[in-house]
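These are the residues of each chain, in order.
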Amino acid sequence: MAIGAFSAETAEETADGTGQARTAQLRQRLERADLRAVPEARRALRHLLRQWGRSGRSDVAELLTSELVTNALIHTDTDAILTATVSPRGLRVEVRDFVARRPRLRMANSDDGTHGRGLVLVQSLADAWGVRAHGVGKAVWFELDAGAA
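Per-chain numbering applies: the sequence of each chain, read as written, is numbered from 1 onward. Reporting of local features is limited, given that this is a predicted model, to residues whose pLDDT is at least 70; pairs of side-chain atoms are given and counted only at 80 or more, and all residues count toward the totals for whole chains, interfaces and linings. With hydrogens and water stripped out, all remaining heavy atoms of the structure feed into the side-chain values.

> A description of the overall build of the chain should follow, citing residues and the corresponding values.
Each helix and strand counted, the chain has three helices and seven strands in total. Sequence-ordered secondary structure for the chain, helices as α and strands as β, is β-β-β-α-α-β-β-α-β-β. In this analysis, two residues are considered to be in contact whenever any of their non-hydrogen atoms come within 4.5 Å of each other. Expressed as a percentage of contacts within the chain between residues at least 6 apart in sequence, the contacts between residues at least 24 apart total 58%. Throughout, the Shrake-Rupley method with a 1.4 Å probe supplies accessible areas, and for residues the shown protein chains are the sole cover considered. Accessible surface, the chain: about 8,100 Å² in total, of which carbon and sulfur atoms supply 48%. By definition, any uninterrupted DSSP run of H or I lasting at least four residues is a helix, any uninterrupted run of E lasting at least two residues is a strand, and each is numbered from the N terminus.

> Describe the nonpolar core, and please don't skip the residues or the numbers.
If you look at the biggest cluster of nonpolar residues, it comprises 32 residues, and the most contacted ones within it are L45, L48, V69, L91 and F142. Listed by contribution, the elements that provide at least two residues to this core are β3 (23-30), α1 (37-51), α2 (58-75), β4 (80-87), β5 (90-97), α3 (118-125) and β7 (138-145). Put simply, buried Ala, Val, Leu, Ile, Met, Phe, Trp, Tyr and Cys residues joined by side-chain atoms within 4.5 Å make one nonpolar core. Exposure is judged per residue with a 1.4 Å probe applied to protein chains only, and the accessible area is read against the type maximum: over 50% gives exposed, under 20% gives buried, and values in between give partly exposed.

> Account for α1, naming residues and giving values.
Each residue after the first adds 1.5 Å to the expected span of a helix. The end-to-end C-alpha distance of α1, which contains 15 residues, comes to 21 Å, matching closely the 21 Å that a straight helix rising 1.5 Å per residue would cover. Residues A37, V38, E40, A41, A44, L45, L48 and L49 constitute the buried set of α1. All buried residues of α1 project into a common sector of 170° when viewed along the axis, lining one side. Once α1 ends, the next one or two residues include G53, with phi positive near 70°. The arc in question is traced by the directions running from the helix axis to the C-beta atoms.

> So, the packing of α1 against α2: which residues are in play, and what are the values?
Direction vectors running N to C along α1 and α2 enclose 145°, while the axes themselves pass 9 Å from each other. Crossing of α1 against α2: the hand is right-handed. Touching A37, V38, A41, R42, L45, R46 and L49 of α1 are S58, A61, E62, L63, T65, S66, V69, T70 and L73, all from α2. The classification used treats Ala, Val, Leu, Ile, Met, Phe, Trp, Tyr, Cys and Pro as nonpolar, Asp, Glu, Lys and Arg as charged, and all other residues, Gly among them, as polar. The class makeup of the residues in the contact of α1 with α2 is nine nonpolar, four polar and three charged. Lines fitted to the C-alpha atoms define the axes, with helices restricted to the stretch that makes contact. Angles between their N-to-C directions range from 0 to 180 degrees. The sense of a crossing depends on the near helix, which, turned anticlockwise from the far helix by less than a right angle, makes the crossing left-handed and, turned clockwise, makes it right-handed.

> Provide a residue-level description of the packing of aromatic side chains, including the pertinent values.
Aromatic pairs are defined between Phe, Tyr and Trp rings, using the six-membered ring for Trp, whenever the two ring centres lie within 6.5 Å; interplanar angles under 30 degrees are classed as stacked, those over 60 as edge-to-face, and all others as tilted. Counted according to the given criterion, the structure contains zero aromatic pairs. Here, a charge over a ring means that NZ of Lys or CZ of Arg falls within 6 Å of the ring centre while also lying within 35 degrees of the ring normal. Over the ring of W141 we find R92, and its NZ or CZ is 4.4 Å from the ring centre.

> Just give me the short version of unusual backbone geometry, but keep the residues and values in it.
Even without glycine at this site, A33 takes up a positive phi of about 65°. Tracing the sequence through the fold places A33 in the loop between β3 and α1.

> Can you lay out the environment of A80 for me, pointing to particular residues and giving the numbers?
Tracing the chain through its elements places A80 in strand β4. It is 5.5 Å that separates the C-alpha atoms of A80 and R96, two residues lying 16 residues apart in sequence. Non-local contacts of A80, meaning those with residues more than four positions away in its chain, are made with Q28, R29, L30, A72, V95, R96 and D97.

Spelled out as structure tokens, the structure:
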């Protein structure tokens, strides 16, 4: 599926014969500075969660995903990659960009308007979250446990 500068693919995988449930994955390339990708990412994630019967807190998952996608698109001057994986353990969403500068967790003040709240929301609502460095850049991720996702 391709939508403007936004591309997505959904892959389904089965376990290696151990009898465990399957996992589903969404992977999307996000063009730099193209904020149209934010609502598209939310829709694609909603579809993934509905397809796999894990829509219990999809509103939280969509909100946190849109925060990570928005941060990657407005705070870097590069493309980004969104990966969402649903497994028996839960949901993991990761947004990878190609800038090594780590995001700062900061408290918003009244002069910031709508800025400065994204990572605070992620920290408050996710079961786990973090930032990991990779060869070129970083990945910001969050997880929701299976009972929550």
